[in-house]
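So you can see what is in the structure, the chains are spelled out below.
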Amino acid sequence: MPEIERTMMKRILLWFLLLILSTGSFAANPGDEKLYPGNLLSFSLYGNKAISQDFRIDPEGYIQLPDVGKINCKGETVSSLQAVAIKNLSAVYKNASNLIVTKKTNEIYVNVLGLVAKPGPQLIPSSGSIELALQKAGGLLDGAQMNKIQLRHDGKTTIIDYKNYLDKGDVSLLPKLHSMDEIFVP
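Basis of the calculations
Residues numbered from 1 in each chain as written. Predicted model: local features only at pLDDT ≥ 70, side-chain atom pairs only at ≥ 80, totals over all residues. Heavy atoms only, no water. Pairing = 2+ DSSP bridges. Helix = DSSP H or I, 4+ residues; strand = E, 2+ residues; numbered from the N terminus. Phe/Tyr/Trp six-rings, centres within 6.5 Å; stacked < 30°, edge-to-face > 60°. Lys NZ or Arg CZ within 6 Å of the ring centre and 35° of its normal. Salt bridge = Lys/Arg side-chain N within 4 Å of Asp/Glu carboxyl O. Polar contact = N/O pair within 3.5 Å; in protein donor to acceptor, adjacent residues only side chain to side chain. Contact = heavy atoms within 4.5 Å. pLDDT = per-residue confidence, 0-100.

Two strands pair when backbone bridges link them, and strand E8 (residues 149-153) and strand E9 (residues 156-160) are joined in this way by five bridges, in the antiparallel orientation. Its bridge partner being in E9, Arg152 is matched across the sheet by Thr157. What sits between E8 and E9 in their antiparallel hairpin is a turn of two residues, with Asp154 showing a positive phi close to 50 degrees. For E8 and strand E10 (residues 182-185), the ladder comprises three bridges, and the chain directions are antiparallel. Each bridged residue has a counterpart across the sheet, and for Leu151 the counterpart in E10 is Ile183.

Below is the structure:
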């Protein structure tokens, strides 16, 4: 083989190797997305209708699977939860290793307390605002102090002037909500 062809072949192989590496193990894996209470997960196990359905992570961070019971999803990613579910299901099903778990939605739970019509955990889209959470909780009751609403996140309390937001309509006045944030309406 002439030297020119050999050099050309090396370049093609190097280019092909770089292409494989850039799309393979170094690419982001969507299965490693962290899970939160409220997320809707789709389980698929060929030939098993009881398992092949959607399961929502409850406000405490668990899903309830048929035949195996509660599985803790706290701190799990999609791929790590799949591994845990396969391990638990293997005691019951021979083909459990074929289980596929995908994240279907990014909804989150926000706990709304205080002077609202329906206090408790509210399921909202991850892009949802305090306004949506309050609406899901049935709205504010008479006497609610709209300028002193508390947002509790990771042990820190932030005072939200919701009345100021309503007066101005400036969405930047409302902080982003995270899974299991707590909104208290005094």
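Attention now moves to the packing of aromatic side chains. Here the structure, examined in full by the defined rule, presents two aromatic pairs. Ring centres of Phe43 and Phe55 lie 5.2 Å apart, and the angle between their planes is 80 degrees; this geometry places the pair in the edge-to-face category. Of the two residues, Phe43 is situated in strand E1 (residues 40-44) and Phe55 in strand E2 (residues 54-56); the sequence distance between them amounts to 12 residues. One residue, Lys70, lies across the ring of Tyr62, its end atom 5.2 Å from the ring centre.

Under the defined criterion, the tally for this structure stands at five salt bridges. Its salt-bridge partner being Glu33, residue Lys103 comes within 3.0 Å of it at the nearest N-O pair. Pair noted here: Lys103 is in strand E5 (residues 100-105) and Glu33 is in the loop between helix H1 (3-23) and E1, with a separation of 70 residues, a long-range link. Note that Glu107 is salt-bridged to Arg56, the shortest N-O span being 2.6 Å. With Glu107 in the loop between E5 and strand E6 (108-114) and Arg56 in strand E2, this pair connects stretches of sequence that are 51 residues apart.

Within the secondary structure, Gln150 is located in strand E8. A distance of 2.7 Å separates the side chain of Gln150 from the side chain of Arg152, its partner in a polar contact. Discounting chain neighbours no more than four positions away, the residues touching Gln150 are Thr157, Thr158, Ile159, Glu182, Ile183 and Phe184.

Looking at the chain as a whole, its pLDDT mean stands at 88, while 87% of the residues score no less than 70. Here H1 is the element of the chain with the lowest mean pLDDT, 63, and E10 is the one with the highest, 98. Per-residue pLDDT stays below 50 along residues 23-28; that stretch engages in two contacts with residues further than four places along the chain or on separate chains.

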